[in-house]
Amino acid sequence: MGSLKVPCSFGGKAALLVPFPASRFRVPQSHCYRPSSTGWRSFPGFVLQSLELVYPNSSCSVHSGRVHLTARASVQPATKKLVGDQVKDLPNSGDSIRQRFLEFYAARGHKILPSASLVPDDPTVLLTIAGMLQFKPIFLGKVPREVPRATTSQRCIRTNDIENVGQTSRHHTFFEMLGNFSFGDYFKKEAIKWAWELSTIEFGLPADRLWISIYEDDDEAFAIWQDEVGVPAKRIKRLGEDDNFWSSGVTGPCGPCSEIYYDFHPERGESNVDLGDDTRFIEFYNLVFMQYNKKDDGSLESLKQRNIDTGLGLERVARILQKVPNNYETDLIFPIIEKASELANVSYAVADDCTQRYLKTIGDHMRAIVYLISDGVIPSNIGRGYVVRRLIRRAVRMGRLLGIKGDGLGDIEGAFLPVLAERVIQLSTHIDSDVKNRAARIFDELKREELRFVQTLERGEKLLEQILAEALLDSEKSGTAPCLSGKDAFLLYDTYGFPVEITKEVADGRGAGIDMNGFDAEMENQKRQSQAAHNVIKLGVENGADLTEKVPDTEFVGYDTLCANAVIEGLLVNGNPVIQVSEGNEVEVLLNRSPFYAESGGQIGDHGILYVSNAGNHQKAAVEINDVQKSLGNIFFHKGTVTQGVIEVGFEVEAAVDAKLRQRAKVHHTATHLLQAALKQVLGEETSQAGSLVAFDRLRFDFNFHRPVTDDELMEIEGLINRWISDSTLLETKVMPLTDAKRAGAIAMFGEKYADQVRVVEVPGVSMELCGGTHVNNTSELRGFRIISEQGIASGIRRIEAVAGDAFIEHILARDNYMKQLCSTLKVKAEDVTTRVEALLEELRAARNEVSAANAKAAIFKASTITCKALSVGTSREIRVLVESMDDVDGDALRSAADYLLDALQDPAAVFLGSRPGEGKVSLIAAFSPGVVELGLQAGKFIGPVAKMCGGGGGGRPNFAQAGGRKPENLLGALEKARQDLIAIISEKAG
């Protein structure tokens, strides 16, 4: 066999001619073709990259003028074209569509704002699931609008329909939502007209292929679409509340929607049209008219500020404009699929449906995985970390099903996800330019997680084998058909990454079934939990909302002073507005201005006092403040207790911050900046902050790192920071545009939202960060720095706790006092403490060994007295069986006794011992000789059910197993069960 591989670049030619020994092979340029049993399948919107023709060396087979050969094709979406010698983007590339959308609305007075992080600054939502999420505080009226109109391209994650990814043409876990927003500015008429203009003029979609849906009662929208835009009434569909009325929750902002659909098959006519028919229509633009507030009784009242919230799916529009059959085959995703195809050594164009589904799923998941890790989400078993871990495991599993070995490039021990991530990062320039800077960390995290999961998969295979063996054994005992429970099948699916199809295939091969109803129930339960956690944006209004609407933002003056006069603008007790509060009551005080720092950026709120002096008609009063929090806007809630007198709204107060506690917070905040700089210098620039706490007594710093920090590295970090402290460097604080700060190299926190003007705190030559916290004037104020602990808190996340300033001095003095007490107790000098402790430990080890040896001897002696209790079981082959209680013998001694008995009884023999080594404790041992194991008995499996009776569990090898329990009162019953089961099984097998 031989082959000819021809690169294909079309640029205007009508046909592709491939030289062939006996003929020519012609492929029209307008389509890409796929061979099938009936000929060549057309792929409109694709161009061939290369075509490999495989043919006999000696001659070619020609029948009826046709050459019979094998072809392997490589294709790509037609989003680039050859102009001269240069490849140019077509106007319908994904990047072009995104840019054209943003520029379209920018030309109509909208400010282009950046995408928010996938990790939202919103405790009610796990991940960013919609373009409007970053504007939620504005829609609630809790934050004043900075611009009347905005437009964004928002990165989003949704996993509620994860099982549909790769199955349908449009479902994704990661997608980009293009949006235009009005905050009390324009409304329905402008939103509808611009959406139509964008669709038909800017993107050039045929007007006769566009259908409109509106809310059933929205006559205003109907009139605009029909009378002002010109859409025929028969192509405007009225739909019910489930489809076309948007609500943020049980109460809160809501309003009717209108959607634009594209018709792929207008030839099917205009009668009995169902816009929900995915084979014909795709909804690509959704307009939400936020005009009502839903009250507790379900009634609607008009909002004072009507808003517009829209979403246009980039992947969906790219599919339409690039004329491809699904979203995956657009230039936004297909290059990732193409790379996965290369690693799997398959061709997407000629692959079967199952292979294509796996490739599409991998292409989708890789985008979600890369952007989640880039935004600081680390794989774990909870929250956001579980989302990315699950996506990684699905991608790895499908890669293995496709046949990808190792990294797909020859390293059988390597990982292939980093190879695919490199392709995702190449496509990220116009989505998130910061992703490339985080590439090294993304690759490292993916490699670790993939290799770890491969081991999990192998453990899953072993677990499946164990579950099948138990199901077959239970079936044999009960006389029923063997069946795996739905719970076990779901455990294999969810924890170990086994597709239920694979589990079913393996089970079928062993003659066992699967409880699919139970599996579906487990899956449905997880979906409900996922939807509840991931896909509801709560816009409910809390208690006190009316008050905060009337109260202006708090002016913070605490950078320059710790004492200021202010006016009480509002009071809250248990979240409810009140006019006055008397002595002894807890209260939240809202001031017009404040020197108190409100908790943010990891730094806790200030403590202090609010004083009301004798004046006018009111008496002296005081409020002790022990916390300060900030609302979604910039209103400070001073939380505390009225310790004297009565306070009222309108009173003037003197607000005084506790200066000593403020200094402690300042010291620890500056120390946190120095710590991050030291970590980057010692461990590498890819190290980044994952969370922090700046408290009065310590600082806590969480950071991304894949291993424990060594003692030497910790000493180096401490040394660097203490050197910077001794340098007595003056800090510099500036306010500048965000773009200038980033250009200057200032570090920003992942997921943090920044205004156009930002505060930059710099320790010249050491660190520069965007930070609104309070800081010392000079590094010498830190006095000293000491790391208290370093530990892992999640996969890939480390935590350092440290002290500085007064807390550092207190820590050193306390440690010195502990040392003095230790020296006094041990009667040695400080420098001799280590030697003395090591000697004591050695003496302790020796004493424990002596006790253990004595216990073992006592246990063996006791065992020698019970050998006579062994039973002989079996007729064809006599097997000695001994099941006994050893009273209070500990686990190690029990093992020695079992070994002695097995030798004394000789092969074949089975020994099962139990004891109560302490209060609330049970120890069990199963020891089987080779002759017993040959019969099919396994100690590790036999001991499990017995241990469960004692409230515990355990396992081990076929010849030896240990278990423990917490119910010693059940020991005798458990031993009796073990005796009866052993006799029954051996009697059956040894006849």
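Residues numbered from 1 in each chain as written. Predicted model: local features only at pLDDT ≥ 70, side-chain atom pairs only at ≥ 80, totals over all residues. Heavy atoms only, no water.

As annotated in an unreviewed UniProt entry, the protein chain carries the name Probable alanine--tRNA ligase, chloroplastic and comes from Coffea canephora.

(A) Focus on the confidence of the model for the protein chain. For the protein chain, the average pLDDT comes to 84, and 86% of its residues sit at 70 or higher. pLDDT under 50 marks residues 530–544. Its contacts with residues more than four places away, or in other chains, come to 44 contacts. (pLDDT = per-residue confidence, 0-100. Contact = heavy atoms within 4.5 Å.)

(B) Main features of the pattern of salt bridges. By the definition in use, this model includes 45 salt bridges. Notably, a salt bridge pairs aspartate 756 with lysine 111, separated by 2.8 Å at the nearest N-O pair. With a gap of 645 residues between them, aspartate 756 in the loop between helix H18 (738–743) and strand S37 (757–763) and lysine 111 in strand S12 (residues 111–112) connect regions that are remote in the sequence. Here arginine 170 makes a salt bridge to aspartate 278, at a shortest N to O gap of 3.2 Å. Linking arginine 170 in the loop between strand S13 (149–157) and strand S14 (174–183) with aspartate 278 in the loop between strand S18 (252–263) and strand S19 (281–294), this pair joins segments that are 108 residues apart in sequence. (Salt bridge = Lys/Arg side-chain N within 4 Å of Asp/Glu carboxyl O. Helix = DSSP H or I, 4+ residues; strand = E, 2+ residues; numbered from the N terminus.)

(C) Representation of a nonpolar patch on the surface within the structure. Taken together, Val837, Leu841 and Leu844 make up a surface patch of nonpolar side chains, about 210 Å² in accessible area. Within the secondary structure layout, valine 837 lies in helix H20 (residues 833–864). Overall, the relative accessible area of 30% leaves valine 837 in the partly exposed class. (Patch = residues over 30% accessible without salt bridge, like charges linked within 9 Å, V, L, I, M, F, W, Y side chains within 5 Å. Areas by Shrake-Rupley, 256 points an atom, 1.4 Å probe, with all protein chains shown as cover. Buried < 20%, exposed > 50% of the residue type's maximum accessible area, 1.4 Å probe, protein only.)

(D) Main features of unusual backbone geometry. Geometrically, the link from aspartate 907 to proline 908 is a cis peptide bond, its omega value of 0 degrees lying close to zero. Its place among the elements puts proline 908 in the loop between helix H21 (891–905) and strand S43 (909–915). In the Ramachandran plot, aspartate 887 falls in the positive-phi region, its phi being about 55 degrees despite a non-glycine side chain. By secondary structure assignment, the location of aspartate 887 is in the loop between strand S42 (879–885) and H21.

(E) View of the environment of isoleucine 793. Structurally, isoleucine 793 is set in strand S39 (residues 785–794). Sequence spacing of isoleucine 793 and phenylalanine 703 is 90 residues, and the spatial spacing of their C-alpha atoms is 10.0 Å. Setting aside chain neighbours within four positions, we find isoleucine 793 in contact with Asp702 and Arg799.

(F) Main features of the sheet that holds strand S44 (residues 922–928). Across the sheet, which stays open at both edges, the six strands sit in the order S41-S42-S43-S44-S46-S45 with mixed pairing between neighbours. If you trace the sheet from one side to the other, it starts and ends with strand S41 (871–873) and strand S45 (953–956), each paired once. Within this sheet the neighbouring strands show an average axis-to-axis angle of 15 degrees, counted without direction. On top of the sheet, helix H24 (residues 971–989) reaches S41, S42, S43 and S44; it is set at about 175 degrees to S42, its chief contact. (Pairing = 2+ DSSP bridges. Axes fitted to C-alpha atoms, helices over the stretch in contact; angles between N-to-C directions.)

(G) Looking closely at the nonpolar core. Counting residues in each nonpolar core, the largest one holds 94 residues, and the members touching the most others are Trp225, Phe284, Tyr285 and Met366. A per-element tally of this core places helix H8 (residues 353–374) first, with ten residues. Shared between two domains, this core takes at least three residues from each, and those domains are domain 1 (94–331) and domain 2 (335–528). Excluding its chain neighbours within four sequence positions, the residues that come into contact with methionine 366 are Ile336, Leu417, Leu420, Ala421, Val424 and Leu446. (Core = buried A, V, L, I, M, F, W, Y, C linked by side-chain atoms within 4.5 Å. Domains from an automatic or database assignment.)

(H) Just the pairing of strand S33 (residues 652–657), in detail. Of the pairings in the sheet, the one linking strand S24 (residues 563–573) to S33 comprises five bridges and is antiparallel in character. For alanine 566, the partnering residue across the bridge sits in S33 and is valine 653. Sheet topology note: the strand S29 (residues 608–612)/S33 ladder contains four bridges and is antiparallel. Among the inter-strand pairings, tyrosine 611 is bridged to a residue of S33, identified as glutamate 654.

(I) A negative patch on the surface, seen in detail. On the surface, Glu216, Asp217, Glu241, Asp242 and Asp243 cluster together into a negatively charged patch. Within the secondary structure, aspartate 217 sits in the loop between strand S15 (210–215) and helix H4 (219–229). When its relative accessible area of 56% is taken as the criterion, aspartate 217 is described as exposed. (Lys, Arg positive; Asp, Glu negative; His and termini not counted. Charge placed at Lys NZ, Arg CZ, Asp CG, Glu CD.)

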